[in-house]
Amino acid sequence: MFPRSFFWVIGLLISAAVVNAAIAQDASEFGRILDAYNVAAKAGDINQMLSMRTAAQQKEIRAQLGKKEDRDYFLLLSRAQVPESYQIQHVSWGKNSQKATLYLLGQFANMPEIQRPRLRMEEMIVFQKETGKWKIDSVLPLGDPDKIKRPKDLTRNPKDANLKVTGVVAGRIVKTEFKPDYTLVILRVMDEENAIFLPAKEVLEKAGVPLSDLDPWKMQEFRGYPHKSDKLKFFATSGKLIED
């Protein structure tokens, strides 16, 4: 006869499997919604495009489309955001899985109308669930990954911290490395990567900092001191997870 705890564990595993299956289904839905939105953008079908946006976005966009030239400009920018091809890099989930952020890398065609050459570009697309259906809330171009600005080097020297100035840096974690004497976090802010220097892993753990908050793709805000000469280096004294 199995102990009661056995069935409790099995129940948890089944529940987790059901949740994971639902999340995977939602993630695959994002691609279908995005493809349909892009088809509508190419066709210039504003009503169809807006039907796939959140209620707040529909209201905001419609308020800006009163004149023909406004509608033409909206369609021009919408076509500019349609990639020739793309690949989904990651999906981050908000609380209660009612919001999700899709990160993708796309290949975009040359567009003389806006003086844009053919390029690769990363995008961040936020989806919001409304009345049981996923809707596009916002689309944010992040830049060409081949043209990311980076620090001159990743060397840490505490004497280079400008203690006369305090600052804040917020963005997406690209990677985290636990060095013997400190922690290095590479933080993406639009088209820049910042080297964030934190205390060593053991110090963070003693301070109660969840190390999972420093996992790649997490959004973090750090406070501290900038580097004296390299604006892409930052000595953090505190940080907090940015959650939806």
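Residues numbered from 1 in each chain as written. Predicted model: local features only at pLDDT ≥ 70, side-chain atom pairs only at ≥ 80, totals over all residues. Heavy atoms only, no water.

### Some words on the overall build of the protein
Put simply, the rule is: The secondary structure listing takes helices from DSSP runs of H or I that are at least 4 residues long and strands from runs of E that are at least 2 residues long, numbered from the N terminus. Buried residues are those whose accessible area, probed at 1.4 Å on protein chains only, stays under 20% of the maximum for their type, while exposed residues exceed 50% and partly exposed ones sit between those limits. Should any heavy atoms of two residues lie within 4.5 Å, those residues are counted as being in contact. Under the convention used here, a 1.4 Å probe and the Shrake-Rupley method define accessible areas, while residue burial counts only the protein chains that appear.
Tallying secondary structure elements over the protein gives five helices and nine strands in all. The linear arrangement of helices and strands in the protein, starting from the amino end, is α-α-α-α-β-β-β-β-β-β-β-α-β-β. Per-residue burial for the protein yields a buried fraction of 38% across its 244 residues. For the protein, long-range pairs separated by at least 24 residues make up 52% of all intrachain contacts whose partners lie at least 6 apart in sequence. Summed over its atoms, the accessible surface of the protein is roughly 14,600 Å², and 55% of this surface lies on carbon and sulfur atoms.

### A look at the environment of W134
By secondary structure assignment, the location of W134 is in strand β4 (residues 133-143). Expressed as a C-alpha distance, the spacing of W134 and I33, which sit 101 residues apart in the sequence, is 8.2 Å.

### So, empty space enclosed by the protein
Once rolled over the atoms, a probe with the size of a water molecule shows which space is left empty. Rules: Lining residues are defined by having an atom within 4 Å of a point belonging to a cavity or pocket. Those points lie on a 1 Å grid over the protein atoms alone, cavities being sets where a 1.4 Å probe fits but cannot get out and pockets being open sets with protein on both sides within 12 Å along at least five of seven lines. Grid points are joined across faces, edges and corners, and a volume is the space filled by probe spheres set on the points.
Evaluation of the coordinates by the stated rule reveals one cavity of 30 Å³ or more. Taken as a whole, the largest cavity spans an internal volume of roughly 100 Å³. Lining the largest cavity are 13 residues, with L34, Y37, N38, Q81 and V139 sitting closest to its centre. Breaking the lining of the largest cavity down by element, the ones donating at least two residues are α1 (4-43), β3 (119-130) and β4. Per-element tally for the lining of the largest cavity: the top contributor is α1, with four residues.

### A look at the nonpolar core
As a reminder, the rule being used: Here, nonpolar core refers to any group of buried Ala, Val, Leu, Ile, Met, Phe, Trp, Tyr and Cys residues whose side-chain atoms link them within 4.5 Å.
Ranked by size, the top nonpolar core spans 23 residues in total, and within it F30, M49, F74, L102, I125 and F127 carry the most contacts. If you list the elements that add at least two residues to this core, you get α1, α2 (46-51), α4 (68-80), β2 (99-108), β3 and β4. Residue contributions to this core peak at six residues, all from α1. Leaving out residues up to four positions away in the same chain, M49 has contacts with Y37, A40, A41, F74, L75 and S78. By size, the runner-up hydrophobic cluster in this structure holds 12 residues, among which are V169, V185, L214 and F234.

### Brief notes about the pattern of salt bridges
Counted only if it meets this: The salt bridge criterion pairs a side-chain nitrogen of Lys or Arg with a carboxyl oxygen of Asp or Glu, the two atoms within 4 Å.
Counting across every chain of the model gives 14 salt bridges. One salt bridge connects R150 with E193, and the closest N-O pair in it is separated by 3.1 Å. Residue R150 is located in the loop between β4 and β5 (167-178), and its partner E193 is located in strand β7 (residues 192-199); the two are separated by 43 residues in the primary sequence. Each of E122, R150, R188 and E193 takes part in salt bridges that share partners, so that together they form one network.

### Observations concerning the layout of surface pockets
As a volume, the second largest pocket reaches approximately 320 Å³. Every residue lining the second largest pocket is counted, 14 residues in all, and those nearest its centre are R53, I61, Q64, F74 and L77. Of all elements in the fold, only α3 (55-62) and α4 reach the threshold of two or more residues within the lining of the second largest pocket. With five residues, the single largest contributor to the lining of the second largest pocket is α4.

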